[in-house]
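Letter by letter, the chains look like this.
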Amino acid sequence: MAELTQPATVLSVTDLTPNVRQLVILPKEQKLAYQPGQWVSLKLPVGVHPPLNRAYSLAAPASPSGEMTLVFDRVPDGMGSGYLYQAKPGDELFLSGPHGAFTLPQPNGKELLLIGRYTGLVPLRCMLKALYAHRDRSPILLIAIGPAEGELLYHEEFLSLAMTHPSFRYLPLVATDDEAAVALTVGMLRPLIDGKPHVLPLLCGRKGFVRPLRAYFMEAGYDRKEVKTETYD
Ligand SMILES: Cc1cc2nc3c(=O)[nH]c(=O)nc-3n(C[C@H](O)[C@H](O)[C@H](O)COP(=O)(O)OP(=O)(O)OC[C@H]3O[C@@H](n4cnc5c(N)ncnc54)[C@H](O)[C@@H]3O)c2cc1C
């Protein structure tokens, strides 16, 4: 059966950082049931052969009203993110979904290790919101890397989560590019995972960030299937 593409109305536009914007949208025909970590495909009326398909992770768990939150950064010369940056309340976007298998594993008492760079934090934030809405007490460590101090996504929210939930640890880091972010993260990971029982890693960001980290876990004895990843490019 053909997948449903439907219009959605932009309800609000909010800047989260100088280069990251949030859109709250409401599908017009059918509410979408989705799992934290999944994404929708936007069909944007730009490019040589429109529509231009661009994937965006859901930033907040499904709500009874059907509203969905998307968060994206301004990619220099990026056609899709450039178009979205011009969206205003009342505009219409076309989308299909939900898609994707980057979803929460069964914790089975193991620590979740969430690692995201920049907007790679979006699906991880959705997972955290869902877990804490259900008063989950599993141990969680979030390593969040931003490209600059002012671009640490959800920094206040994660700090306050760490203050109120003793099982949640938050490690914010700043690194200007993927390579520097990998080096910094690996430096932090070594004492956390070496010689310890396996944690459940979920990694999200661009390939230049996610792939070397996945390789690091595999060298440390993790099976490919134990390391969940989502890449943005
Ligand atoms: C499953 C999935 C989920 C995604 N979820 C999100 C999301 O929640 N938020 C989000 O901002 N993006 C997300 N993306 C990336 C998004 O789909 C677009 O690729 C991104 O907005 C760039 O599109 P563009 O047309 O503006 O630029 P393009 O011209 O298509 O991209 C230019 C280059 O930018 C790089 N790039 C891709 N994504 C990003 C990014 N987010 N930031 C910086 N550089 C990037 C790539 O290396 C690409 O080669 C997701 C991608 C996938 C596959």
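Residues numbered from 1 in each chain as written. Predicted model: local features only at pLDDT ≥ 70, side-chain atom pairs only at ≥ 80, totals over all residues. Heavy atoms only, no water.

Named according to an unreviewed UniProt entry, the chain is Putative Ferredoxin reductase originating from Nitrospira moscoviensis.

**Student:** Explain unusual backbone geometry here, please?
**Tutor:** Glycine aside, the phi torsion of most residues is negative, and most peptide linkages are trans. Looking along the chain, the bond that leaves Pro 50 and enters Pro 51 is cis, with omega of 0°. Its place among the elements puts Pro 51 in the loop between strand S3 (39–44) and strand S4 (52–57). Note the cis peptide between Gly 97 and Pro 98, where omega equals 10°. Within the element layout of this structure, Pro 98 appears in strand S6 (residues 92–99). Not every positive phi belongs to a glycine, and Asp 77 is a case in point at roughly 60°. As for its position among the elements, Asp 77 is in the loop between strand S5 (68–73) and helix H1 (79–85). Even without being a glycine, Tyr 118 presents a positive backbone phi close to 55°. Tracing the chain through its elements places Tyr 118 in the loop between strand S7 (112–117) and helix H2 (121–133). (Helix = DSSP H or I, 4+ residues; strand = E, 2+ residues; numbered from the N terminus.)

**Student:** Looking at this structure, I do not really get the site of the ligand. What am I missing?
**Tutor:** As a matter of local geometry, the ligand sits amid 20 residues, with Arg 54, Ala 55, Tyr 56, Asp 73 and Gly 80 nearest to it. Between the ligand and Asp 73 there is a distance of 2.7 Å, counted from a nitrogen atom to a side-chain nitrogen or oxygen. Between Gly 80 and the ligand, the recorded distance is 2.7 Å, taken from a backbone N or O atom to an oxygen atom. When isolated, the ligand has an accessible area of 860 Å², and the protein chains bury 77% of it. Put simply, the parts of the chain that give the shell around the ligand at least two residues each are S4, S5, H1 and strand S11 (228–231). A total of four residues in the shell around the ligand trace back to one element, the largest contributor, which is S4. For the shell around the ligand, the per-class residue count stands at nine nonpolar, six polar and five charged. When residues of the shell around the ligand are assigned to domains, at least three map to each of domain 1 (6–99) and domain 2 (112–231). (Near = heavy atom within 4 Å. Polar contact = N/O pair within 3.5 Å; in protein donor to acceptor, adjacent residues only side chain to side chain. Areas by Shrake-Rupley, 256 points an atom, 1.4 Å probe, with all protein chains shown as cover. Nonpolar A, V, L, I, M, F, W, Y, C, P; charged D, E, K, R; others polar. Domains from an automatic or database assignment.)

**Student:** Quick question: what am I supposed to make of the side chain of Asp 73 here?
**Tutor:** With respect to the secondary-structure elements, Asp 73 resides in strand S5. In this structure Asp 73 is buried but unpaired, with Arg 206 as the nearest side chain of opposite charge at 6.6 Å. Within polar-contact distance, the side chain of Asp 73 engages the side chain of Thr 119 at 2.9 Å. When near neighbours in sequence (up to four residues on either side) are disregarded, Asp 73 contacts Asn 19, Val 20, Ser 81, Tyr 85, Tyr 118 and Thr 119. (Buried < 20%, exposed > 50% of the residue type's maximum accessible area, 1.4 Å probe, protein only. Lys, Arg positive; Asp, Glu negative; His and termini not counted. Salt bridge = Lys/Arg side-chain N within 4 Å of Asp/Glu carboxyl O. Contact = heavy atoms within 4.5 Å.)

**Student:** Looking at this model, I keep getting lost on the sheet that holds S5. Mind explaining?
**Tutor:** One key point about sheets: their strands pair by backbone hydrogen bonds, in either a parallel or an antiparallel sense. Reading across the sheet, the six strands line up as S4-S3-S6-S1-S2-S5 and stay open at both edges, with antiparallel pairing between neighbours. The open sheet has two free edges, formed respectively by S4 and S5, since each of these has just one partner strand. Averaged over all adjacent pairs, the angle separating strand axes in this sheet is 40°, with direction ignored. With four bridges connecting them, S3 and S6 associate as antiparallel partners. Following the sheet pairing, Lys 43 is matched in S6 by Phe 94. (Pairing = 2+ DSSP bridges. Axes fitted to C-alpha atoms, helices over the stretch in contact; angles between N-to-C directions.)

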